[in-house]
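Single-letter residue listing:
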Amino acid sequence: MPAITHAQLVSLQKDQHKIRNICILAHVDHGKTTLSDSLLASNGIISSKLSGKVRYLDSREDEQQRGITMKSSGISLYFKIVKNLIDSAKQESSTVADEYLVNLIDSPGHVDFSSEVSTASRLCDGALVLVDAVEGVCTQTHTVLRQAWMENVRPVLVLNKIDRLITELKLTSSEAYIHLNKILEQVNAIMGTFYSESMMQEDAARYEAYQAKRSMTKHGKEEEEEIEWRLEHQDDSTLYFSPDQGNVIFSSAIDGWAFRIEQFAQIYAAKLGIKEELLRRVLWGDYYLDPKTKRVLGHKGLKGRPLKPMFVQFVLDNLWALYDSVLETNDREKVEKIVKALNVKVLPRDMRSKDSRALLQAIMSQWLPLSSSVLLTVIEKIPSPGVAQNLRLPKILYPKGNQPELASLSESRRAFETAIYNCDRSDDVPVVAYVSKMFSVSADMLPTNRRVQLTAEEMRERRRAAIAKQQAAISKGETTSDKAVESGHIQLDDSGSAESAETGPVVLQGPTDTPSTPEVPEAPAEETLIGFARIYSGTIRVGQTFQVLGPKYDPAFPTRHRSAVTIEKLYLMMGRELQELKEVPAGNVFGIGGLGQHVLKSATLSSTAECPSFGGVRADAAPIVRVALEPREPNQMGQLIDGLRLLNQADPCVEVYLQETGEHVIVCAGELHLERCLKDLRERFAKIDIQVSPPIVPFRETVSTFPAIPLTLTPNGQKVEDSTDPLDSASRPTEVATSLPTGTAIVQTPDKLCTIRVRAVPLPSRVTAYLENQSKTMRNIVEERDVSVEQEGSGAAFIRKLKDVFDEAYRENEIKDKELWNGVVERLWAFGPKRIGPNLLVNNVPGYERSPWFRSAASGSGRSRTRSDSPTEEDEGVDAEETLNTSIEELSLDDGHIERRVPNIRHYEGSINAGFQLATLQGPLAAEPMMGVAFLLEEFTIEGWQEASEAQLSLLSGRVISMLKDACRQAFLGWSPRLMLAMYSCDLQAPAEVLGKVYAVLARRRGRILSEEMREGTPFFNIKSMLPVVESFGFADEIRKRTSGAASPQLIFSGFEVLDIDPFWVPTTEEELEDLGEKADRENLAKKYMEGVRKRKGLLVEKKIVEHAEKQRTLKIK
Amino acid sequence: MLKKECWNLLGPSIDYRSGMSSNIFTPVNQVRLTNVSVVRLKKGGKRFEVACYKNKVLEWRNNVETDLDNVLQTRTVFVNVSKGQLANKEDLNKAFKTTDTDKIILEILRKGELQVGEKERTQQLGNLSRDIATTVAEKCINPDTKRPYTVTMIEKAMADLHFSVNPNRNAKQQALEVIKQLQEKQTIPIARAQMRLRVAIPGKEGKRVKEKISSLIESTEDEDWGDEYELICLINPGQFRALTDVVQKETKGRGQIEVLSIRDTDDRDEAFA
């Protein structure tokens, strides 16, 4: 067949009835790309000899190397039906030819790339679902069928690799028939579950609506009989695949053949003298041909005779015979006979060829050409865009199923909806197109490559010229006036507009080009982002301007998530190549260039802002593999960030974050996807060497309600003291008197100037949880610059609620010591760390009072504070001063140090708070933030200050910070400390047969199962569990491997959980020693985590460098 | 009592080689101090030594190793370990005022000078350089993203600087040095994380104090002239002490400084868009 010209395809795009948009879906390695190869060969894009070998659509190098597809790619095919075959007998008009345009999208089958499948199926109206005849239904088959179902895409089943049944499994034709029948049943069973599931959902929804209605009316009149279960009433037969319906194709893509039973029905209708219609119905299934009467019998009519089903007799046997004679016995004569009988032409060169496979392919591809039977099915069974959009779009526009009547809509909206439902390509309807993904193409693939680069170059040149001129202008200005330097900016603009027209274009292009230049420097000159799109109505033309509506766009808020873009380029997708187009009419799949700055991953393009967004693509599998990335060379950070930005745009599934810790984290769907992302980053987007590491896992430190084990306290006390801070050594911990309650620490400066006593108390878990939840509220209160009355109110409300939580905790018996918590809320000083954390600093200093927290905490509220409370506070302050320090003050006057001010706690408020914040930010265990601890400041005294030198006093404010930090840490260690682990809540869906394996993996990673439920109407179980983040690295991969991909987890961060092991625990009692030995055979898990973090941070780790001193190498290494 | 490794420390040197074929392995008669590290203490004009295992003494001092037998080769006090000369009783008694060897050994272990073993040294240096990197990471931010750098990034940048860690200076000092060098060399964009402060000064003196402290302030976020002059500003942490001093002095202790955040960073996770 001659190659199809560009013009032919373009002309076909205009007739929507002649367009079919399909995608190929299947499990990995079931032959999708090979099948599309055969289709390409029919269009002369590749040689038919090479089809199935080149895998043309796998254009990436790693795709070719690994032999799996990693991205979806589109191609437009031309197909001509010559109807003479069918109608020749009646009408004699043999050249009634219909031309069709088939937009084909090949998709990857690997589970990691299921997002690509989603984006592909979004754009299509039909899908070829391939199933390997040997492997049968696999996990991804399941997934893609579901995807097709959800996106309302009409599926056609292709049973591929039939040849393997013959050559590998060596099945007889009857066995093969049974085998194929089984696969078909499996697929239909899956379709059945989708159907029943959706029906049950609908029923549930209806039942709920009914219940609601009934409770509304509250009439005793029961109308139970009205609820009918729809499941039993609806006919679901059209849903299933059946060869006699014509939606099942038998094929072998590698050998280039495929057929439907229609084809055989046509052939045998004449031979057997049975009507074609009838034959089509009986050629698949339990039907037999009575050899004597030439009548078709059912199973009952067999009466024990060993007849073969008709499918076997007339279809499979022929195939088997051909394969046998060509491949197995290599019987030349017989082959020639068959060739003659089939009326196919085989070149003598092929006949003589030693490669019998090639001969087979030559015969088969002429006898039952794959492309024609597949494309014919596509044209017959898959609706044209006009028909399909009518079915599919209501679901996309109204995902919740609440589609209003057309008549009830406003005029413009109605016009808009009818246009997209009918796929109207005329110019007077709004244009609507949907971009389902962005993909990047290296610039040399673009047809306009040269020109594009030239313009870019030109623009840069112009910019440079303009800048040079502007700078010249500035320097000129400098000489004339002094102010010119400061107002250089204004000068710049002036000169720009005042200069000749040459700079004019630069200014004009500003909005489209200049914003891109700072963030996308060198790399994108070689990588261009192209939107993979489908147009639903109207005709899109180069140069038109459209609204770009983000996935979150809502016509009710037309300003948000919207930008305008002028179409720069339109492309016809031809696999790895792109051909430029002037316009694209409704119903086509195409590529759009120049959206890079406007579209992140998906978007709706429309000529009217009234168009709702078509929503994001529903991704079935949320990305879960997390890694942190760093450039190998530290100065390449910028490239990495730019690369990540591009990657984020070009990959529909990847998520990129810049984390609080400064790490750049990418989240991928799986290990393979991750590998692809890294390869893309290294070679295309960032072009730098990248280092990958597990992301930093956060911990929290807290205390249990048990006092610390006294034995371990001494070494730890020593250990915990961080020697990094020189001030640390200045403060000297004093022995904790035994009479004091647990968790009390007294710290004194070496010159005995200042003494601080702090007591740590674990917070009730309820309170901690509340504080954790309310961090946003706290942040608002703390950071609000202008605290108005309402906000103070919110602060008060927050405090009131906090009090309630304390009361509740008391009622629930969480608090034993009511005395302790009495009035805590009133005496609240600060939260920490970062002033909003789940730890409290409580002022328990006798005789010292502060204003309520929410007043004093707000950073800018000083204003309102001074305005409203300053008199009272001053008074309080004076009171406190008086009670605390009157005698000292008098003394000072006597001493003659009149100038010297009286140091008291009020002056060190800031330092105390800072010390508390520091301590809670970096706990003593692993310098991780604390959580759920209240610190009660019980004593703060300054003694003998009058003897102290000025220098000592001025140092004191700094010292108080570190003293308080130490005091808090010591007090913290007075209790038995605990680490808190960050947890993921893990949602899993798995079929019953792999449940055991799922549990094994979860248990090994210290997961905890919360619940396990059967999902109604499906064979799946929903498992909810908690999994520590530390243990989650590689979890997704492991669980997929163990369950052969049947279970796909979803991980969502869900807060912190206490690991109830003391990291300092060692066996001490006799039994423990006996059980575990002195070194504790089992590793202390909490200790392991703690030391991991300490090691990472370069803190002291209590680990022996050499375990057995005498076993060190005693000889020198020569 | 003696362990196998140090038999040749003390024993008389016997030449086993005489009269034997040189192909046969024989214990050599030269002293090889391969697994021995010596801790020395000069006291009362005499030098005392104990023989220890390598890489163990620091652990003992850190309380990580608690088993003395895992530290000492032999519970004997020497005058010279390599020569195998034992210290005599009188000298010990004279220097330590006791003859209890165990006590003397403990003292020597605690106070004596020691050879730091190879592994100890690498560990020490490794820890110190990690500590420096962690400190740098804590104190600095990437001005582009307003977020800290990861420790590994800082370590790489330090390697780029060819920064050599000095085991005798503490981590904080060296971290400051690293920051300075990083800023000079511009390998990565780096800036000191700034402290956010609230300064409150009673009304009349506001203007005067403001002029005094304006040189110390990096940037002003908000200021308000009410009854009280109030300023929210960012400063370099190094200037904190100076700022407090100025404020205290100028206002005679009536001015207030509150640390709003020790590190002004963006503490949210941000998705790329």
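- An unreviewed UniProt entry lists chain B under the name Ribosome maturation protein SDO1, with Spizellomyces punctatus as the source organism.
- The Sequence similarities (unreviewed entry) field of the UniProt record for chain B holds the comment "Belongs to the SDO1/SBDS family."

- Under an unreviewed UniProt entry, the name given to chain A is Ribosome assembly protein 1, and the organism recorded is Spizellomyces punctatus.
- Here chain A is described in UniProt, under the heading Catalytic activity (unreviewed entry), as follows: "GTP + H2O = GDP + phosphate + H(+)".

1. Re the overall build of chain B
Turning to step 1, where the next piece is worked out: Each helix and strand counted, chain B has nine helices and twelve strands in total.
Turning to step 2, where the next piece is worked out: Here chain B holds 273 residues, and the buried ones make up 45% of them.
Turning to step 3, where the next piece is worked out: Contacts spanning at least 24 positions in sequence make up 63% of the contacts within chain B whose residues lie at least 6 apart.

2. Let's talk about the domain arrangement of chain B
Residue and element names in this part refer to chain B.
Turning to step 1, where the next piece is worked out: Domain boundaries in chain B define domain 1 (37–115), domain 2 (118–191) and domain 3 (194–261).
Turning to step 2, where the next piece is worked out: Here the C-alpha centre of domain 2 lies 37 Å away from the C-alpha centre of domain 1.
Turning to step 3, where the next piece is worked out: Contacts between domain 1 and domain 2 engage six residues on the former and four residues on the latter.
Turning to step 4, where the next piece is worked out: Both faces considered, domain 1 and domain 2 share a buried interface measuring about 360 Å² in area, 42% of it formed by carbon and sulfur atoms.
Turning to step 5, where the next piece is worked out: Taken as a group, Asn 55, Leu 58 and Gln 115 account for 95% of the area that domain 1 buries against domain 2, more than any other trio of residues on that side.
Turning to step 6, where the next piece is worked out: Scanning the region where domain 1 abuts domain 2 turns up zero salt bridges.

3. A few points about the packing of aromatic side chains
Residues and elements named next belong to chain A.
Turning to step 1, where the next piece is worked out: The full count for this structure, using the stated rule, is 19 aromatic pairs over all chains.
Turning to step 2, where the next piece is worked out: Considering the side-chain rings of Tyr 177 and Phe 311, the 5.9 Å spacing of their centres and the 45° angle between planes classify their relative orientation as tilted. With Tyr 177 in helix 8 (residues 173–217) and Phe 311 in helix 12 (residues 310–328), the pair connects residues that are 134 residues apart, well separated along the chain. In terms of burial, Tyr 177 and Phe 311 fall into one category: buried.
Turning to step 3, where the next piece is worked out: Residues Phe 699 and Tyr 1089 carry aromatic rings whose centres are separated by 5.8 Å and whose planes lie at 40° to one another, so their mutual orientation is tilted.

4. A word on the UniProt feature "domain: Ribosome maturation protein SDO1/SBDS central" (unreviewed entry) in chain B
Turning to step 1, where the next piece is worked out: Per the UniProt entry, the sites bearing "domain: Ribosome maturation protein SDO1/SBDS central" (unreviewed entry) are residues 130–193 of chain B in this numbering.
Turning to step 2, where the next piece is worked out: Counting secondary structure, residues 130–193 of chain B comes out at 56% helix and 6% strand; the distance between its end C-alpha atoms is 19 Å.

Criteria and cut-off values
- The numbering scheme is per chain: residues are counted from 1 as the chain's sequence reads.
- Think of it this way: whatever chain is written first is A, whatever ligand is written first is 1, and the rest follow in order.
- Local features in this predicted model are restricted to residues of pLDDT 70 or higher, and side-chain atom pairs are both shown and tallied only at a pLDDT of 80 or more, whereas totals for entire chains, interfaces and linings draw on every residue.
- Based on all heavy atoms of the structure, the side-chain values leave hydrogens and waters out of the count.
- UniProt positions are given in the numbering used here, feature names are shortened, and annotations may be inferred rather than shown by experiment.
- Counting from the N terminus, the helices are DSSP H or I runs at least four residues long and the strands are E runs at least two residues long.
- Exposure categories follow from relative accessible area, calculated using a 1.4 Å probe and restricted to protein chains: below 20% of the type maximum is buried, above 50% is exposed, and the middle band is partly exposed.
- For this analysis, residues touch if any pair of their heavy atoms sits within 4.5 Å.
- Domain delimitation in this document rests on an assignment produced automatically or drawn from a domain database.
- Throughout, buried area stands for the accessible area (probe radius 1.4 Å) lost by two parts on being put together, summed over both.
- By definition, a salt bridge exists where a carboxyl oxygen of Asp or Glu is found within 4 Å of a side-chain nitrogen of Lys or Arg.
- Each Phe, Tyr or Trp ring (for Trp, its six-membered ring) is paired with any other whose centre lies within 6.5 Å, and the angle between the two planes then decides the class: stacked below 30 degrees, edge-to-face above 60, tilted in between.

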